[in-house]
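Letter by letter, the chains look like this.
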Amino acid sequence: KQHACMIGLHAGVDAMLFLRKSYQLTLENVQRITVYTTPFVGRLSKPCPKSEIGAQCSIEFALVTALWKGNIASTHVLEEALKNSQVVGEISGPG
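**Some words on the confidence of the model for the protein chain**
Working step 1: Taken residue by residue, the protein chain gives an average pLDDT of 93. The fraction at 70 or more is 97%.
Working step 2: No element of the protein chain has a lower mean pLDDT than helix α6 (residues 85-89), which averages 89, and none a higher one than helix α1 (residues 10-23), which averages 97.

**As for the packing of helix α4 (residues 59-69) against helix α5 (residues 75-82)**
Working step 1: Two elements in contact, α4 and α5, have axes separated by 10 Å at closest approach and are oriented at 95°. Classed by the angle they form, the pair α4 and α5 counts as roughly perpendicular. Within the contact between the two elements, α4 uses Phe61, Thr65, Trp68 and Lys69 and α5 uses Val77, Leu78, Glu80, Ala81 and Leu82.
Working step 2: Considering only residue class, the contact of α4 with α5 consists of six nonpolar, one polar and two charged.

**A look at the nonpolar core**
Working step 1: Residues Leu9, Val13, Phe61, Ile72, Leu78 and Val87 are the most contacted members of the largest nonpolar core, which totals 24 residues.
Working step 2: Mapped by element, the contributors of at least two residues to this core are α1, α3 (52-57), α4 and α5.
Working step 3: For this core, the leading source of residues is α4, giving seven residues.
Working step 4: Those residues in contact with Leu78 that sit more than four places away from it in its chain are Ala4, Ala55, Gln56, Phe61, Thr65 and Ile72.

**Brief notes about a nonpolar patch on the surface**
Working step 1: Residues Phe18, Leu19 and Tyr23 make up a contiguous nonpolar surface patch of about 350 Å² in total accessible area.
Working step 2: Along the chain, Tyr23 falls in helix α1.

Definitions and cut-offs
- Residues numbered from 1 in each chain as written.
- Predicted model: local features only at pLDDT ≥ 70, side-chain atom pairs only at ≥ 80, totals over all residues.
- Heavy atoms only, no water.
- pLDDT = per-residue confidence, 0-100.
- Helix = DSSP H or I, 4+ residues; strand = E, 2+ residues; numbered from the N terminus.
- Axes fitted to C-alpha atoms, helices over the stretch in contact; angles between N-to-C directions.
- Parallel < 35°, antiparallel > 145°, perpendicular 65-115°, else oblique.
- Contact = heavy atoms within 4.5 Å.
- Nonpolar A, V, L, I, M, F, W, Y, C, P; charged D, E, K, R; others polar.
- Core = buried A, V, L, I, M, F, W, Y, C linked by side-chain atoms within 4.5 Å.
- Buried < 20%, exposed > 50% of the residue type's maximum accessible area, 1.4 Å probe, protein only.
- Patch = residues over 30% accessible without salt bridge, like charges linked within 9 Å, V, L, I, M, F, W, Y side chains within 5 Å.
- Areas by Shrake-Rupley, 256 points an atom, 1.4 Å probe, with all protein chains shown as cover.
- Salt bridge = Lys/Arg side-chain N within 4 Å of Asp/Glu carboxyl O.

See the structure below:
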């Protein structure tokens, strides 16, 4: 497994990493991320997870973390992101 999140999020994370690298994207220069996903991923995903397991299932959290850090290769990255107010502050739910 390439990313420390559920497999249903991998395509989105890969897309974010590609866009980050191709366009030098950062948390500071991205205003909004719109993602279309499956109903299954949508049901499991909670925008502001409180635990590592929740972070591994959250498309919102995974994409913002990938944008911020450039990877989510380990649970250590997720733990660091959960404690980072800049990452957490950038996340909002569907809308």
